[in-house]
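The residues making up each chain are set out below.
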Amino acid sequence: MSWLCAALLAATVLLVVGCMHHPDQGTSIPPLPAAGEQVDPGLGPEARPLSSGPGYKGSPSWSPRGDRIAFTVDGYVVDRPVGTGDTRRWTTRDFVAEDAEWISKDDLAIFGATPGAVPAGEASRSVYRARSGEGSLGVKEVATGVLAMSPSPGGEGLIIAAEMEPYESELALLRDSGAVDRIYTGVVRGRVTGLSLSPDGRKAVLATRTAGDLNSFELHVFDLRVGTHRRLARLEEGTEILGAPQWTKRGICYVVGKEGMSIGGGAEPLYDLYTITQGSDSPEPTPGVGEDFVASSIRASPDGERLAVVGRLNPKAPINLYVLDLATQNLEDLTVNEDMEIKTGPDDLAWSPDGESIAIVARGALSEEPRVRAAPKGALLEDFYNLYEIPVEGRGAAR
Amino acid sequence: MLWISGAALAFFVTAGAFLMLANLGTGPSEKNLTPEPPPAESGPALVLTLNQERLESLRALPGQELEVGVRNAGDEDLSGVNLTVEVSSENTALSDARYYRDNVNELPAGNSVPVRFYLDLSTYESPMSSNPSSSAVPEPPRKIIEVRATTPEGASAIKTAIVPI
């Protein structure tokens, strides 16, 4: 019996020794930096540049397939693949575009003016249609007297508000074929400053300056099929609506501010985010962002469930990109701003069609001193306004 | 009891044998892998320097002096260095680039030489105020000075200055 115990003991020792962790084995290997690793431009590690080099860039717009992004550079329009590839110019360099939106995978609608016809201030612009692959930089004027435009929910075509008379406008649909159809037979009173379509495309919400009183803003909803409209809200005198109201599945969101009020005496106005929920006629501060939040620009997600907001948590906080889940009222910051200037124009942010990314425009803080870089100008990022893709982590994929 | 002990013994012996065989077949154990350092530069290497104070003194006028320091930081003499300076506007809608060229005949290893350019940094003939793109850009564009250096030996260097004038 003793030999059996000894044998069992020996076998146990053998097993334990065999299973012992060898000091040279299993040590974690430090990861090597990947080739072409992501550059952190000062917006957080997830930000990925979509453009580089000099130029005053803005108004990003994803193609319906999400594989290309168009934007304005110093007034002209370009697009480029979201991955690697060459930039493609759509207009001559003396064009003055303020916004560019895809109306099909091969067509852009451009809001602006051709050389020699540049209007000043709030004068109306024209909408031009440009097609890719035509081998020229020619654009075709398809609508004049345009005050505002907004892409259709599916990315095919867009709605425009065109001025007929002072403080009288009409609504029309620019189809991907280039045809312009009037879709609302009535007249829109007031001067349209921004508009967007409902997720089903049947209604439009418009922000207008009322006739005869330039300081008064109103929100109107137009039923494009029935031909009726109603006023949703009238703002207090001295307040204004920035950009286009956004129609979400939880209501209509818009940015309101008092003209003349600014952060720390600066030129940047203080804007608050309001929501008119479905079935309600009274605007309320949008829940979820906090009472100190300063909104600058907003954009509803393609599914209408979320709102991208460029703003500050409070007047002294840095500007960041946030996504507000309108159902859960959860506000998530998507950028970690390290001394970057994120553009706050109403058209300077855009959702990708799949709702998984947002494009913003940003640059490093300006310096009065000359800066020297060891790179060609075309490769520089933070010295100029450039586009960045910010992933909306897992949220779009989950829907 | 005996058959239980026998079964246990057989299990341990078999497991031990497999472990021994496994250890015999592995050869030398894995070593820590450390990231390889980037390959050290060899042969000719160019270094360009732009004097910061000189850059700060630049004005939007003709005849502005730019001093470019060119240094051979390699271990081989250079038979020549070709220098190109491009002056352009931050506003890419303006076609106002100006180009300047110079060359250094020989540059022994470890030596450096200053090269002076006299740049016209004045605004191009079509002033910004009359250019349509000025209405699309709400701020004055800066000047961009891009300096490139190349050698017949294949060395190259580049420096870009963004000058708010």
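Computed from a prediction, not measured in an experiment: that's the story for all the values here.

Some details on the overall build of chain A
Summing up its helical and strand segments, chain A has two helices and 30 strands in all. Within chain A, the fraction of its 399 residues that count as buried is 44%. Contacts spanning at least 24 positions in sequence make up 45% of the contacts within chain A whose residues lie at least 6 apart.

Some points on the confidence of the model for chain A
Residue and element names in this part refer to chain A. When pLDDT is averaged along chain A, the result is 84; 81% of the residues meet or exceed 70. Throughout residues 14-37 the model reports pLDDT below 50, and contacts reaching past four residues in sequence, or to other chains, amount to 21 contacts. With pLDDT under 50 throughout, residues 395-399 is counted as low confidence; its partners more than four residues away or in other chains account for eight contacts.

Brief notes about the nonpolar core
One finds Val 77, Ile 110, Val 127, Ile 160, Ala 161, Ile 358 and Ile 360 of chain A to be the most contacted residues of the largest nonpolar core, which totals 108 residues. Considering every element that reaches this core, the biggest residue donor is strand E9 (residues 140-151) of chain A, with six residues. Non-local contacts of Ile 160 of chain A, meaning those with residues more than four positions away in its chain, are made with Val 127, Ala 143, Val 146, Met 149, Ala 172 and Leu 174 of chain A. Core analysis: the next-biggest nonpolar cluster, separate from the first, contains 21 residues, Leu 48, Val 81, Ala 157 and Ala 161 of chain B among them.

Some details on the environment of Thr 84 of chain B
Residues and elements named next belong to chain B. The residue Thr 84 is located in strand E3 (residues 81-89) in this model. Its 15 C-beta neighbours within 10 Å are what place Thr 84 among the partly exposed residues. A sequence separation of 63 residues divides Thr 84 from Val 147, and the C-alpha atoms of the two residues are 5.8 Å apart. Apart from residues no more than four positions distant in its own chain, Thr 84 is found in contact with Tyr 99, Arg 101 and Arg 148.

Thoughts on the sheet that holds strand E3 (residues 68-73) of chain A
All names here are of chain A. The four strands lie next to each other as E2-E3-E4-E5, forming an open sheet whose pairing is antiparallel. The open sheet has two edge strands with one neighbour each: strand E2 (57-62) and strand E5 (88-89). One ladder, built from four bridges, connects E2 with E3; its direction is antiparallel. Across the sheet, Lys 57 pairs through a bridge with Val 73, a residue of E3.

Some thoughts on the sheet that holds strand E25 (residues 330-333) of chain A
All names here are of chain A. Taken in spatial order, the four strands line up as E22-E23-E24-E25 in an open sheet, and their pairing is antiparallel. Looking along the sheet, the strands with just one partner apiece sit at the ends: strand E22 (294-300) and E25. The average angle at which neighbouring strand axes cross in this sheet is 30°, direction not considered. Bridge count for strand E23 (residues 306-312) against strand E24 (residues 320-325) is six bridges, and the pairing is antiparallel. Within E24, the residue paired with Leu 307 across the bridge is Leu 324.

Brief notes about unusual backbone geometry
With a phi close to 50°, Asp 74 of chain A is a non-glycine residue in the positive phi region. By the secondary structure assignment, Asp 74 of chain A is in the loop between E3 and strand E4 (76-81).

The rules behind these values
Residues numbered from 1 in each chain as written. Chains lettered and ligands numbered in written order. Predicted model: local features only at pLDDT ≥ 70, side-chain atom pairs only at ≥ 80, totals over all residues. Helix = DSSP H or I, 4+ residues; strand = E, 2+ residues; numbered from the N terminus. Buried ≥ 20, exposed ≤ 12 C-beta atoms within 10 Å, placed from the backbone. Contact = placed C-beta atoms within 7 Å. pLDDT = per-residue confidence, 0-100. Core = buried A, V, L, I, M, F, W, Y, C linked by C-beta atoms within 7 Å. Pairing = 2+ DSSP bridges. Axes fitted to C-alpha atoms, helices over the stretch in contact; angles between N-to-C directions.

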